[in-house]
Amino acid sequence: MPKTAYVRTKPHLNIGTMGHVDHGKTTLTAAITKVLAGRGTGTFVPFDRIDRAPEEAARGITINIAHVEYETDTRHYAHVDMPGHADYVKNMVTGAAQLDGAILVVSALDGIMPQTAEHVLLARQVGVDHIVVALNKADAVDGEDSELIDLVELEVRDLLTEHGYGGDSAPVVRVSGLRALAGDPRWTASIDALLDAVDTYVPMPERYLDAPFLLPVENVLTITGRGTVVTGAVERGTLRLGDRVEVLGAGAETVVTGIETFGKPMEEAQAGDNVALLLRGVPRDAVRRGHVVVAPGSVAPSRRFTARVYVLSGREGGRTTPVSTGYRPQFYIRTADVVGDVDLGGIALARPGDTVAVTVELGREVPLEPGLGFAVREGGRTVAAGTVTAVL
Ligand SMILES: Nc1nc2c(ncn2[C@@H]2O[C@H](COP(=O)(O)OP(=O)(O)OP(=O)(O)O)[C@@H](O)[C@H]2O)c(=O)[nH]1
Ligand SMILES: [Mg+2]
């Protein structure tokens, strides 16, 4: 049976759940799909299907399983559920880079924890402009603990303000993912309220549909007999079936012979879409996460750039000692993870908490442009965040 094509009827946005480990991100994601399945604009995705490893490709060129899709009355959303564990922050960095808005999940029982703060900081750095707060586990702080939840709300608003998110105006919605998942009407209504807040608070971003096509590769899959598939969110431009593309990093130029979004074929992918692309004649081993699919000849990758970099303080989970010229951390740029040499120019030391101008020489070429945000990591933790000021 031929698969039903994707029909673009509502504006599409990319959102995601972020926050500290165990605060209820995955439970909330499942609850959202359940509530929307009830309205008839989504398919229920149970908890244990969301965190699953993305090894499947049997049903076609499906997308990374950590993404779910659903619709509200006014919008179509792709939702990525980001793990809270510290080891996964690098996924968060690259996952968040494509988010038009985020749902920050904070347990009302625990309040702000280290990854709550780290995720807010990273979201700011990778260009997420709008955060809606889900004050989760509100079912567990009813009654005499209700003052506690008020304090947690104040604390979260302060955290947002500290990172330039306007904590006074951001929606903070008290929810219970667990109780909504169980069908409790009071808490099902809390999910409706959260979705309304997302619909109204997160604006439709500007999409650069006329710019040359660019998609950072998030995942690579093989479909036996059909070829190699790359998945990711289209950063800009438009791609039609049969268009030629260049895979930067793989040194390959080819034709796109299939485009899908959430298992549905499409004729044309646009900026903002979460898609899987079938690439003709490209060997599986040639393409990796971090490569970039572009309109041929539209982008010249480079290795050297100048940037403004903020060195995280120890309190923010960063270093406790300064860095100097010759420092060689990992740079997370779009979906790529590349080593780079840092030159501080005339400055002797950059201390935790400082913002400095640096010159970076990467270990390999990647597409760069002024304004592009990146994270700097070392030994499994984020130590700095920056923005490209010029490409050399
Ligand atoms: N009381 C209560 N418990 C909840 C609620 N939401 C989640 N939990 C519980 O909190 C625990 C963690 O939930 P998850 O959804 O796995 O949390 P997570 O944020 O996805 O965790 P990581 O992906 O590991 O970072 C589970 O035991 C849930 O049952 C809620 O609304 N109320
Ligand atoms: Mg989870």
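Refer to the preceding data block for the structure.
About the cut-offs
Residues numbered from 1 in each chain as written. Chains lettered and ligands numbered in written order. Predicted model: local features only at pLDDT ≥ 70, side-chain atom pairs only at ≥ 80, totals over all residues. Heavy atoms only, no water. Helix = DSSP H or I, 4+ residues; strand = E, 2+ residues; numbered from the N terminus. Rg over C-alpha atoms; globule rule 2.2 N^0.38 Å. Buried < 20%, exposed > 50% of the residue type's maximum accessible area, 1.4 Å probe, protein only. Contact = heavy atoms within 4.5 Å. Axes fitted to C-alpha atoms, helices over the stretch in contact; angles between N-to-C directions. Parallel < 35°, antiparallel > 145°, perpendicular 65-115°, else oblique. Nonpolar A, V, L, I, M, F, W, Y, C, P; charged D, E, K, R; others polar. Pairing = 2+ DSSP bridges. Phe/Tyr/Trp six-rings, centres within 6.5 Å; stacked < 30°, edge-to-face > 60°. Lys NZ or Arg CZ within 6 Å of the ring centre and 35° of its normal. Salt bridge = Lys/Arg side-chain N within 4 Å of Asp/Glu carboxyl O. Core = buried A, V, L, I, M, F, W, Y, C linked by side-chain atoms within 4.5 Å.

Engineer: Run through the overall build of the protein chain, naming residues and quoting values.
Structural biologist: In terms of helices and strands, the protein chain carries 7 helices and 22 strands. On C-alpha atoms alone, the protein chain measures out to a radius of gyration of 21 Å, which is about the 21 Å that the 2.2 N^0.38 rule sets for 392 residues. By principal-axis analysis of the C-alpha atoms, the protein chain measures approximately 65 × 60 × 30 Å. Counting all 392 residues of the protein chain, 53% fall into the buried class. Across the protein chain, every contact between residues at least 6 apart in sequence was considered, and the portion connecting residues at least 24 apart equals 72%.

Engineer: How would you sum up unusual backbone geometry? Please name residues and give values.
Structural biologist: With the exception of glycine, most residues fall at negative phi, and the peptide bonds are largely trans. One non-glycine residue, Asp22, lies in the positive phi region at around 70°. For Phe262, which is not a glycine, the phi torsion comes out positive at approximately 45°.

Engineer: For the packing of helix H1 (residues 25–39) against helix H7 (residues 185–201), give the residues involved together with the corresponding values.
Structural biologist: Axis separation between H1 and H7 bottoms out at 10 Å; the angle between their running directions is 95°. Looking at the two axes, H1 sits roughly perpendicular to H7. Counted together, Leu28, Ala31, Ile32, Val35, Leu36 and Arg39 of H1 and Thr188, Ile191, Asp192, Leu194 and Leu195 of H7 form the full contact between these two elements. Class assignment of the residues belonging to the contact of H1 with H7 gives a composition of 8 nonpolar, 1 polar and 2 charged.

Engineer: So, the sheet that holds strand E20 (residues 355–366): which residues are in play, and what are the values?
Structural biologist: Pairing in this closed barrel of 6 strands is antiparallel, and the strands run E17-E20-E19-E18-E21-E22 around the ring. The mean angle between the axes of side-by-side strands here comes to 45°, regardless of whether they run parallel or antiparallel. Direction of pairing for strand E18 (residues 330–333) relative to strand E21 (residues 373–378): antiparallel, over a ladder of 4 bridges. Counterpart to Ile333 in the pairing with E21 is Phe374.

Engineer: Tell me about the packing of aromatic side chains, and name the residues and values.
Structural biologist: All told, the structure shown has 4 aromatic pairs when counted by the stated rule. Centroid distance Phe305 to Phe374: 5.6 Å. Interplanar angle 75°. Geometry classified as edge-to-face. One end of the pair, Phe305, is in strand E17 (residues 302–311); the other, Phe374, is in strand E21, with 69 residues separating them in the sequence. Neither residue differs from the other here; Phe305 and Phe374 are each classed as buried. Where Phe331 meets Phe374, the ring centres are 5.7 Å apart and the plane angle is 50°; that geometry is what we call tilted. Separated by 43 residues along the polypeptide, Phe331 in strand E18 and Phe374 in strand E21 bring together distant segments of the chain. Each of the two residues, Phe331 as well as Phe374, counts as buried. Ring pairs connect the aromatic residues Phe305, Phe331 and Phe374, which therefore count as one cluster. Here the basic side chain of Lys34 rests over the ring of Phe44, its NZ or CZ set 5.9 Å away from the ring centre. Looking at Arg377, its charged tip hangs above the ring of Tyr332, at a distance of 5.8 Å from the centre.

Engineer: With reference to specific residues and values, describe the pairing of E21.
Structural biologist: Across 6 bridges, E21 lies against strand E22 (residues 381–391) in antiparallel orientation. Pairing of Val376 across the sheet is with Ala384, part of E22.

Engineer: Explain the pattern of salt bridges residue by residue, including any values.
Structural biologist: Inspection of every chain in the model, using the stated rule, returns 20 salt bridges. A salt bridge links Arg240 to Glu268; the nearest nitrogen and oxygen atoms lie 3.0 Å apart. Note that Arg240 is positioned in strand E10 (residues 238–240) and Glu268 in strand E14 (residues 268–270), a separation of 28 residues in sequence. Judged by its relative accessible area of 41%, Arg240 falls in the partly exposed class.

Engineer: Give me the lowdown on the nonpolar core, citing residues and values where you can.
Structural biologist: In this structure, Leu28, Ile32, Ile103, Leu104, Ile131, Ile191 and Leu194 are the most contacted members of the largest nonpolar core, which totals 52 residues. What Ile191 contacts, discounting residues up to four positions off in sequence, is Leu28, Ala31, Ile32, Val35, Val175 and Ala180. Counting 25 residues, the second-largest nonpolar core is a separate cluster that includes Leu344, Leu368, Ala384 and Val388.

Engineer: I'd like a rundown of the pairing of strand E8 (residues 219–223), residues and numbers included.
Structural biologist: In terms of burial, E8 is largely enclosed, as 4 of its 5 residues are buried. Taking the residues that link successive antiparallel strands as the turn, the E8-strand E9 (residues 227–233) hairpin has 3 residues, and the phi of Gly225 there is positive, at about 85°.

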